[in-house]
Amino acid sequence: MKPYVELAIGFARTGVTGYGGGPSTIPLIEFEAVQKYKWMTEEEFGEILALANTLPGPIATKMAAYIGYKLKGSLGATVAILAHILPSIVAMIGLLGVLYSFRKSPIVSGMVQGVTPVIGFMLLEMAYRFFQNGRKGLGLSKMVILSAVSLVFVQFLGLHPGILIAGFLIAAYLIADRKEKAASPETNVLLQRKEKSS
C-alpha cells in the first residue's frame, strides 16, 4: 500500500505546484522520482523524458503514467495519473471564475511574472545536470556538438523536439548495432583461440 500512497502524494504535489504547464512540471517530477522517493536514477529519468517527448500528449501525464507503471503496473499508472491531474482539475473548476474576473489585475500579473524566473531556473538547473550526464557518456566535444545541432534544429529551424529525439534514437541504435556486428567476428576469433588453447 505504501508505494501507492507515495505515488499519490508525489504526483499530487507535482500537479498542484506545476504552475505553467508541462515543462515547468518536469523538474518537480524529477525531484519526486529521483531525489525524494528514489524510484529511479537520474540517467533513467533522462531516458524516460527523451522517450516521452517523442509521443503525443502532455509530457507530465506521460511521465506520471510511465513512473506509476514502472512501480506498480497498470494500477500504479492509474494512481499516478489521477493524483497528478485531479487536484488541477478541481482547482481549475473552483478558481476559474475568480481568476477570470481578476485577469487584468496587476497583482495577478505580478504573481505570474514572479513565478516565471523560478521556473526558468529550475529548468536551467535540470538541463545542466542532463548535459553533465551526457558529457560523461559521450565526451565533452560530442555533447557540445549534439547540443548545438539540437539548438539549431529546434530553435532556428522550428523542428519539433520529438522528431529530433526520434532521429537521435534511431541514429544511436544504428551506430550501436553496427559496432556490435563489427565486434562479433573479433569475439568469435577470440573464443576459437581459447578453445584451441584449452
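The coordinates are above.
The sections below set out a description of the structure shown in this document.

## Topic: the overall build of the chain
Along the backbone of the chain there are seven helices and zero strands. Sequence-ordered secondary structure for the chain, helices as α and strands as β, is α-α-α-α-α-α-α. The buried share among the 198 residues of the chain stands at 24%. Carbon and sulfur atoms form 70% of the exposed surface of the chain, whose accessible area is close to 13300 Å².

## Focus: unusual backbone geometry
Within the chain, Lys-38 stands out as a residue other than glycine whose phi angle is a positive 55°. By the secondary structure assignment, Lys-38 is in the loop between α2 (22-36) and α3 (42-53). For Lys-38, a relative accessible area of 63% corresponds to the exposed category.

## Let's talk about the nonpolar core
Residues Phe-11, Ile-29, Trp-39, Met-40, Phe-45, Met-63 and Ile-67 are the most contacted members of the largest nonpolar core, which totals 21 residues. Secondary structure elements with two or more residues in this core: α1 (2-17), α2, α3 and α4 (59-101). The dominant element in this core, judged by the number of residues it contributes, is α4, at seven residues.

## Re a nonpolar patch on the surface
On the surface, Leu-151, Val-152, Phe-153, Val-154, Phe-156 and Leu-157 cluster together to form a nonpolar patch covering roughly 570 Å² of accessible area. Tracing the sequence through the fold places Leu-157 in the loop between α6 (140-156) and α7 (161-197). Assessed through its relative accessible area of 58%, Leu-157 is described here as exposed.

## Some details on α1
For α1, spanning 16 residues, the distance from its first C-alpha to its last is 22 Å, which sits close to the expected 22 Å at 1.5 Å a residue. Of the residues making up α1, those classed as buried are Leu-7, Gly-10, Phe-11, Thr-14 and Gly-15. Down the axis, α1 shows its buried residues gathered within 135° of arc, on one side only. In α1, the exposed residues that point more than 90 degrees away from the buried face are Lys-2, Val-16 and Thr-17.

Cut-off values and rules
- Residues numbered from 1 in each chain as written.
- Predicted model: local features only at pLDDT ≥ 70, side-chain atom pairs only at ≥ 80, totals over all residues.
- Heavy atoms only, no water.
- Helix = DSSP H or I, 4+ residues; strand = E, 2+ residues; numbered from the N terminus.
- Buried < 20%, exposed > 50% of the residue type's maximum accessible area, 1.4 Å probe, protein only.
- Areas by Shrake-Rupley, 256 points an atom, 1.4 Å probe, with all protein chains shown as cover.
- Core = buried A, V, L, I, M, F, W, Y, C linked by side-chain atoms within 4.5 Å.
- Patch = residues over 30% accessible without salt bridge, like charges linked within 9 Å, V, L, I, M, F, W, Y side chains within 5 Å.
- Salt bridge = Lys/Arg side-chain N within 4 Å of Asp/Glu carboxyl O.
- Expected span 1.5 Å × (residues − 1).
- Arc of directions from axis to C-beta.

Shape descriptors only; they carry no functional weight alone.
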